[in-house]
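Coordinate inspection notes
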Amino acid sequence: MSTPILLVVIIGSVLGVALLVFAIARGRGKGAGASGGLCPGCRRAMRPEWPRCMFCGWMPVARLEFVLGPLTGQVIELRDDVTTVGSVVGNSIVLADPAVSRKHAGIRRMDGGYELADLGSTNGIYVNGHRLPKKNLAPGDVIRVGNSECVFRPQ
């Protein structure tokens, strides 16, 4: 083998190995591995125990998907620490429904989760068909307030 061909083979091999190492290292940064994955806001590494990104402040936002009632088809994000549901202006979510009290229910973000509580309403709140005064919400819970139903989606 001549020297120029040998030199091309060596350089090609070194570049190939470097490219392979780069591809493997880049692939480990994606997904939710031991490091928790990347922040969707700034794309920096996040630990799984972080409730929000330490760099940009991004945090996952839960949402309510309305499937029955005057807000059918709408999705409302739970961005505030406390979201109130009622029939009068001033609530975070206003439901024009005679079966809904003025201040009917509240959803509070706590310990990385969400808690739904009845705020002393006349007709109560129902989660998955059961009337409850308070409930830590789980993914897919169906919440009924008056004649409206929504599905809780944590992210």
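Owing to the predicted nature of the structure, the values given are computational and were not obtained by experimental measurement.

Some remarks on the pattern of salt bridges
With the rule as written, the count across this model stands at eight salt bridges. Residue Arg 79 pairs with Glu 77 through a salt bridge whose shortest N-O separation is 2.6 Å. The network of salt bridges with shared partners includes Arg 63, Glu 65 and Arg 153.

A few points about the environment of Val 151
Within the secondary structure, Val 151 is located in strand E11 (residues 148-153). Distance from Val 151 to Glu 65, taken between C-alpha atoms, is 5.1 Å for residues 86 residues apart in sequence. Once residues lying within four places of it in the same chain are set aside, the contact partners of Val 151 are Arg 63, Leu 64, Glu 65, Val 67, Gly 140, Asp 141 and Val 142.

Here we look at the pairing of strand E10 (residues 142-145)
Along any regular strand the residues' side chains alternate between the sheet's two faces. In E10, alternate side chains face the same way, and those of Ile 143 and Val 145 are buried while those of Val 142 and Arg 144 on the opposite face are not. By the bridge criterion, three bridges tie strand E7 (residues 125-127) to E10 in an arrangement that is antiparallel. Directly across from Val 127, in E10, lies its bridge partner Ile 143. Taking the residues that link successive antiparallel strands as the turn, the E10-E11 hairpin has two residues, and the phi of Gly 146 there is positive, at about 60°.

A closer look at unusual backbone geometry
The phi dihedral of Arg 43 is positive, around 65°, even though this residue is not glycine. Counting through the fold element by element, Arg 43 comes out in the loop between helix H1 (3-28) and strand E1 (62-68). With a relative accessible area of 52%, Arg 43 lands in the exposed category. Not every positive phi belongs to a glycine, and Asn 128 is a case in point at roughly 55°. Within the fold, Asn 128 resides in the loop between E7 and strand E8 (130-132).

Topic: the sheet that holds strand E2 (residues 75-78)
Ordered in space as E2-E1-E11-E10-E7-E8, the six strands form an open sheet in which the pairing is antiparallel. This sheet does not close on itself; its edge strands, each paired only once, are E2 and E8. Adjacent strand axes in the sheet meet at a mean angle of 30° when their direction is disregarded. Relative to E11, E10 runs antiparallel, the two being bridged by four bridges. Paired with Val 145 across the bridge in E11 is Ser 148.

Criteria and thresholds
Residues numbered from 1 in each chain as written. Predicted model: local features only at pLDDT ≥ 70, side-chain atom pairs only at ≥ 80, totals over all residues. Heavy atoms only, no water. Salt bridge = Lys/Arg side-chain N within 4 Å of Asp/Glu carboxyl O. Helix = DSSP H or I, 4+ residues; strand = E, 2+ residues; numbered from the N terminus. Contact = heavy atoms within 4.5 Å. Buried < 20%, exposed > 50% of the residue type's maximum accessible area, 1.4 Å probe, protein only. Pairing = 2+ DSSP bridges. Axes fitted to C-alpha atoms, helices over the stretch in contact; angles between N-to-C directions.

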